[in-house]
Amino acid sequence: MVPVRGRPTPWNPAAGLYDPFMNYELFMGEALAEAQAALDQGKAPIGAVAVVNDAMVARAHDRVQESNDPTAHAVVVALREASRKLGRDRLADATIFVTREPCPMCVGALLASDVEALVYAVSNQVDGAAGSVIQLAQDGRLARRIKVVSGIRCEEAEELFASAEPVEHVRSAGSLKPVIG
C-alpha cells in the first residue's frame, strides 16, 4: 500500500483484498459515529467496530484514560467485546473497521485473535502498523496475516481529526524521542 498525497491508497481488487460484498461505507460510518461520540467526550476520535457475517457485533472507542488501562485502545476494546459476545477467542470471520490505522499493539491483538480483515480510514504516520510506519498486518515472516483495506471515508475521518486537535492527546512524533539524562 503506497500513500498518495498523504492518504492511503484504497483497496487493491487485483490483490484480492477487497470484498465486493462487504458494505465498507456503512460499517466505516459506524466507526465514525463511535469516533464522534469519543470526540464529544473530549477524547481522540478513534472509533472501531467489529463485523461478523455482515452484522456489527461490537463497537468501541479509546478508553485508556477512563479505565487507567494503557491497552484499552478502540481496536482492543472492540475485540474484547466481540469475543465476549460471540463466546470465543478466535475471530477468523471478523472484519475490524477503525477510523485510524492501528498501532503495533492493536495489530498484534488483531493477529492474535485471527481477525480476517482490517479496514481503516486514515493512515497513522506516528506508529501505524498496517503499512504506514511498519507492516505487521501482512508481514510474511509471521504465521498470520490480515487483509488490509484503507482510505474508506477518509475525508470524513480527516475532518474529525482536524477538529480534535485541541482535545486530542495522541502522541506526536516529537514526543516519541527518547529522553536521556
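Just so you know, these numbers come straight off a predicted model, no measurement behind them.

Conventions adopted
Residues numbered from 1 in each chain as written. Predicted model: local features only at pLDDT ≥ 70, side-chain atom pairs only at ≥ 80, totals over all residues. Heavy atoms only, no water. Helix = DSSP H or I, 4+ residues; strand = E, 2+ residues; numbered from the N terminus. Contact = heavy atoms within 4.5 Å. Areas by Shrake-Rupley, 256 points an atom, 1.4 Å probe, with all protein chains shown as cover. Buried < 20%, exposed > 50% of the residue type's maximum accessible area, 1.4 Å probe, protein only. Polar contact = N/O pair within 3.5 Å; in protein donor to acceptor, adjacent residues only side chain to side chain. Expected span 1.5 Å × (residues − 1). Pairing = 2+ DSSP bridges. Axes fitted to C-alpha atoms, helices over the stretch in contact; angles between N-to-C directions. Salt bridge = Lys/Arg side-chain N within 4 Å of Asp/Glu carboxyl O. Parallel < 35°, antiparallel > 145°, perpendicular 65-115°, else oblique. Nonpolar A, V, L, I, M, F, W, Y, C, P; charged D, E, K, R; others polar.

Student: I would appreciate a short explanation of the overall build of the protein in the present structure.
Tutor: A tally of regular secondary structure across the protein gives five helices and five strands. Tracing the protein from N to C terminus, the helices and strands come up as α-β-β-α-α-β-α-β-β-α. At a minimum sequence separation of 6, the contacts of the protein that also span at least 24 residues come to 61%. Accessible surface, the protein as shown: approximately 9,200 Å² in total, 54% of it carbon and sulfur.

Student: Explain the environment of Leu118 here, please?
Tutor: Inspection of the secondary structure puts Leu118 in strand β4 (residues 117–122). Residue classification places Leu118 among the buried residues on the basis of a relative accessible area of 0%. Leaving out residues up to four positions away in the same chain, Leu118 has contacts with Ile96, Val98, Pro102, Leu110, Ala130, Ile146, Lys147, Val148 and Val149.

Student: Help me understand the side chain of Ser113, please; the structure alone is not making it clear to me.
Tutor: Mapped onto the elements, Ser113 comes out in the loop between α4 (104–112) and β4. For Ser113, the side chain forms a polar contact with the main-chain oxygen of Ala109, separated by 2.8 Å.

Student: When you look at helix α3 (residues 74–86) in this model, what are you seeing that I'm missing?
Tutor: Residues spaced three or four apart along an α-helix point in a common direction, a consequence of the helix completing one turn every 3.6 residues. For α3, which comprises 13 residues, the first-to-last C-alpha distance of 18 Å matches the rise-based estimate of 18 Å (1.5 Å per residue) to within 8%. Every buried residue of α3 is accounted for by Ala74, Val75, Val76, Val77, Ala78, Leu79, Ala82 and Ser83. Buried positions along α3 lie against β1 (47–52), β2 (55–61), β3 (94–100) and α4. Within two residues after α3, Gly87 carries a phi angle of roughly 70 degrees, on the positive side.

Student: Would you mind showing me how to read the sheet that holds β3 here?
Tutor: By way of backbone hydrogen bonds, the strands of a sheet pair with one another, either parallel or antiparallel. Sheet architecture is open: five strands sit in the order β2-β1-β3-β4-β5, paired in mixed fashion. If you trace the sheet from one side to the other, it starts and ends with β2 and β5 (147–150), each paired once. Strand-to-strand, the axes of this sheet are offset by a mean angle of 20 degrees, without reference to chain direction. Judged from the six bridges that link them, β1 and β2 form a sheet pairing that is antiparallel.

Student: What am I meant to see in the pattern of salt bridges here?
Tutor: A side chain with one charge may pair with a side chain of the opposite charge, provided their charged atoms come close. The full count for this structure, using the stated rule, is 13 salt bridges. With a closest N to O distance of 3.5 Å, Lys147 and Glu116 form a salt bridge. Linking Lys147 in strand β5 with Glu116 in the loop between α4 and β4, this pair joins segments that are 31 residues apart in sequence. The partner of Arg153 in a salt bridge is Glu156, and the shortest N-O contact between them spans 2.7 Å. Here Arg153 falls in the partly exposed class, since its relative accessible area comes to 22%. Assessed through its relative accessible area of 35%, Glu156 is described here as partly exposed. Residues joined in a network through salt bridges with shared partners are Glu30, Glu34 and Arg59.

Student: I'm lost on the packing of helix α1 (residues 24–40) against helix α5 (residues 154–164) in this one. Help?
Tutor: Packed helices, taken two at a time, are described by the angle their axes make and the gap between the axes. Axis separation between α1 and α5 bottoms out at 11 Å; the angle between their running directions is 5 degrees. The pairing of α1 with α5 is recorded here as roughly parallel in orientation. For the pair formed by α1 and α5, the contact residues are Leu32, Ala35, Gln36 and Leu39 on the first element and Glu156, Ala157, Leu160, Ser163 and Ala164 on the second. For the contact of α1 with α5, the class distribution of residues is six nonpolar, two polar and one charged.

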